[in-house]
Structures are given as structure tokens and as C-alpha cells.
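Tertiary structure, described
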Amino acid sequence: MSDLIFLDSAGSSIPPAEVVDEVIGHLRRETEIGGYRAAAERRDDVEAGYGVLAGFFGCEPSEVAFTDSATRSWLTAFDAVPLGKGDRVLVTEVEYGGNAVPMLRRAEETGATIEVMPSDAHGQLDVGALDLDERVKLISLVHVPTNGGLVNPVSEVTAKAHEVGALVLLDACQSTGQIDLRGLDYDMLVCTGRKWLRGPRGTGALVVRDDVRRRLKPRLMDHSAAEWVAPGRYEPRDDARVFELWEYSVADRLGLIAAVKYALARGLDVIEAEVQERARRLREGLSAMDGITVQDLGERRSGIVTFTSDRVPAMELKDRLWQENVAVTVSQKGSTLIDMTRRGLDEVVRASPHYFVTPEEIDQALERISRSAR
Ligand SMILES: *Cc1c(COP(=O)(O)O)cnc(C)c1O
């Protein structure tokens, strides 16, 4: 696969050697001395990981929890937001399927309502059209959708949410690792390791602001989230680790920390600029192609490039591109049902070039796409 052109960092990216060495090295060490002693050897590194992620997100180490996926982070945070009858939960038109289903279930249980916030003419969340009152308890804000290049506003939404006491849960799954998130205002953030961060699969993180944590009611606690101090009594931790479980893959966590360090060393501003440039080049080439329609919305664009062909269905086009050694994926209706339905789309081909894809490779990918879509 030497001529593989990898355009799927929005799906599951290619980890750098530093990450893989960390994971495999630790697994090997576990075979030598057992999991507990191997973990003890790396306790300081795991502990330092909270600081590493805090530096990456621009938050406090006490606001960081490690999890096994973005979805786990989201479920854990969402479950802890008190909701009752008549409460309103607002979502963007690009809400992710994995968030929507648990929200619908919770709405059934509690009598809260789920409402869709309108988008503006560019397709991103219309901050001016936000209809908020004190019944709004939560805004579920997808920063970058899974099915297209738009980037939603964050801090402006949070400012408005806070006027009515609502919380903002930011799904930064597709922005973490390609967009610098430091300085953004939100109450809770979820991310995954496997996408733009180039970390191992089965890893994720949750950021919960210190002052927000005290307003939440974590329900899924074990004896590391809280100390069992007397047979009838427990004391929850006073940091974001109240959202963690005792058991986790130490190898994968070390791999995630290595991935974050790797991104920080490269420079978050450099990464963002390089991803933007690759995506712009790809979008321009696709726009000029006969029979291809770029499907990205938004004024501000991310590294996700989506398109359809007049002649070849998305799945077939993806298969042909895999044959041509171009790794792309298909984003289907069920992942972003509201948006896809509204736009009359069933599926789009998704290409997501990271900084490690060269401009020459983008040009070669364009040639192969042109050939495959004939
Ligand atoms: C991929 C994705 C998720 C879920 O990430 P997992 O790693 O599968 O938990 C959540 N939201 C968005 C927008 C995504 O693209």
C-alpha cells in the first residue's frame, strides 16, 4: 500500500510511531511483569497526562477526565445534567446520531423536549436566531459535524446560553486535533482519540469546567470516582475524575497522551493551517470537476471535505477509490439525520486530509477521484 493516499482522519487516522511504540511497549511490559506493576512504573506519566491534556485544551488538570471514547464522554456528561418535565434541550441541525439517540431516550423518561436550533444561510448555527429562556437546560453543540466542512460558533453560543443559565456541551470530536480549541468557552467538551488526534482507538476525553461540575449529578460512579468510606456512605471526588471508572487500558491511555504531546510539539496553529490548506486544495479541485458536487456548508471550513457524484453512488465511489488506494469514507444519513434529510441527501463521500498528506498527494487523489467517478 505504498501509494496509499490517506484521506480519512475524520474516521480513524494513522497514529505516529511515537503513539504506537508507547502502546505496544506497555503491552509488552505487561506480559513481562503483569498489569499492576507495569502500571505502577508509569504512574507518574499517567498522572502527568492530566496536565498534558489541560495544556492542549486550555483548561485546568482538575477539569480533565479520560474515557474510552467520545461517545462514553458524552453519555457520562449528558447523564449527569439534571433534566425534568418541560425542560428544553437544544441541538444543532448537524447533531450526531450517537448523541441524538440517548437524548431521545432521556426525553421519553423525563418529559424534557429536544428542539433543533436553526442554521443561517451558510448552514452554520444562527446565533442571532437562538430562542432561549430559563427552561433551556442544555445546548448540545456539535463544533464540526461528521458529514461536512462547516465549523459552528462556540463562545458566542455559550455567552447566550449563560444568560439563561443553560449549559453547553460541546461535541469537539471532529475538531480536536485539527482546530486549536484553547480559548473557546463551553461548559463541557467531549473528544475522541482516534480521529484528528492520531491516537489509539478506544480512547477519549471529557472536559468539565470546575464550576459546572458542582452543578452536575454524576450517576455512573464506581469506587475510584467516589471513596467508599463507611458501609453506608461514599464521598465523590472533587475533580473531573468523578466521571472516570477505575479500570482502563493503561497502554491506550499512554498512547493518547503521546498523541496529544505529539500534536502540541507540532504546533496546534501549524496543524490547523496545514489541514485548512490541504482541504482547500481538495475542495477547489473537486469543485472544478465535471459531475462532482462539493456538499460542504459553512462560511468557516474545517478539514472535512464531502462530495457526491452525478454518476456513481457514494458507496460505489468509495469502493472504487479504495481499489485506487485512496482512503475515503461515506457519511450516511443516520449519522446526521436532521441535516441530511433537510438537504435531501442519503450519503456523501467524505475525504479528510491531515497535515501528513502532501499537496502532491491531494493532486493525485483528485486524478483518481476524477477517474473513478466516470
Ligand atoms: C465520531 C464522532 C463521535 C463519536 O466518536 P467515538 O469515538 O465513536 O465515540 C461523536 N460526534 C461526532 C461529531 C463524531 O464525528
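Structure's up top.
Now for a quick tour of the structure. (Residues numbered from 1 in each chain as written. Predicted model: local features only at pLDDT ≥ 70, side-chain atom pairs only at ≥ 80, totals over all residues. Heavy atoms only, no water.)

**Observations concerning the sheet that holds strand 3 (residues 88-91)**
Read from one edge of the open sheet, 7 strands run 2-8-7-6-5-3-4, paired in mixed fashion. On the outer flanks of this sheet lie strand 2 (64-67) and strand 4 (113-116), each paired with one strand and no other. Put simply, the sheet's adjacent strands are angled 20° from each other on average, direction ignored. Sheet topology places strand 7 (residues 188-192) next to strand 8 (residues 204-208); 5 bridges connect them, and they run antiparallel. In the strand pairing of strand 8, M188 is matched with V208. Of the strands in this sheet, strand 3, strand 4, strand 5 (136-142) and strand 6 (167-171) touch helix 5 (residues 97-110), which is tilted by about 140° from strand 4. (Pairing = 2+ DSSP bridges. Helix = DSSP H or I, 4+ residues; strand = E, 2+ residues; numbered from the N terminus. Axes fitted to C-alpha atoms, helices over the stretch in contact; angles between N-to-C directions. Contact = heavy atoms within 4.5 Å.)

**Concerning the layout of surface pockets**
Rolling a probe over the atoms, with the probe sized like a water molecule, indicates the empty space that remains. Roughly 610 Å³ of internal volume is contained in the largest pocket. Together, 22 residues line the largest pocket, and A39, R43, W246, Y248 and V250 are the ones closest to its centre. Of all the elements in the fold, those that place two or more residues in the lining of the largest pocket are helix 2 (35-41), helix 3 (43-57) and helix 8 (250-266). Residue classes in the lining of the largest pocket are distributed as 10 nonpolar, 4 polar and 8 charged. Quantified by volume, the second largest pocket comes out at close to 390 Å³. (1 Å grid on protein atoms, 1.4 Å probe; cavity = no way out; pocket = protein on both sides within 12 Å on 5 of 7 lines; lining within 4 Å. Points joined across faces, edges and corners; volume = space filled by probe spheres on them. Nonpolar A, V, L, I, M, F, W, Y, C, P; charged D, E, K, R; others polar.)

**A closer look at the site of the ligand**
Around the ligand, the neighbouring residues are S69, A70, T71, Y96, V144, T146, D171, C173, Q174, T192, R194 and K195. One of the side-chain N or O atoms of R194 is found 2.5 Å from an oxygen atom in the ligand. Within the side chain of K195, one N or O atom sits 2.9 Å away from an oxygen atom of the ligand. With the chains in place, 92% of the 390 Å² that the ligand exposes on its own is no longer accessible. Of the residues that constitute the shell around the ligand, the class distribution is 4 nonpolar, 5 polar and 3 charged. (Near = heavy atom within 4 Å. Polar contact = N/O pair within 3.5 Å; in protein donor to acceptor, adjacent residues only side chain to side chain. Areas by Shrake-Rupley, 256 points an atom, 1.4 Å probe, with all protein chains shown as cover.)

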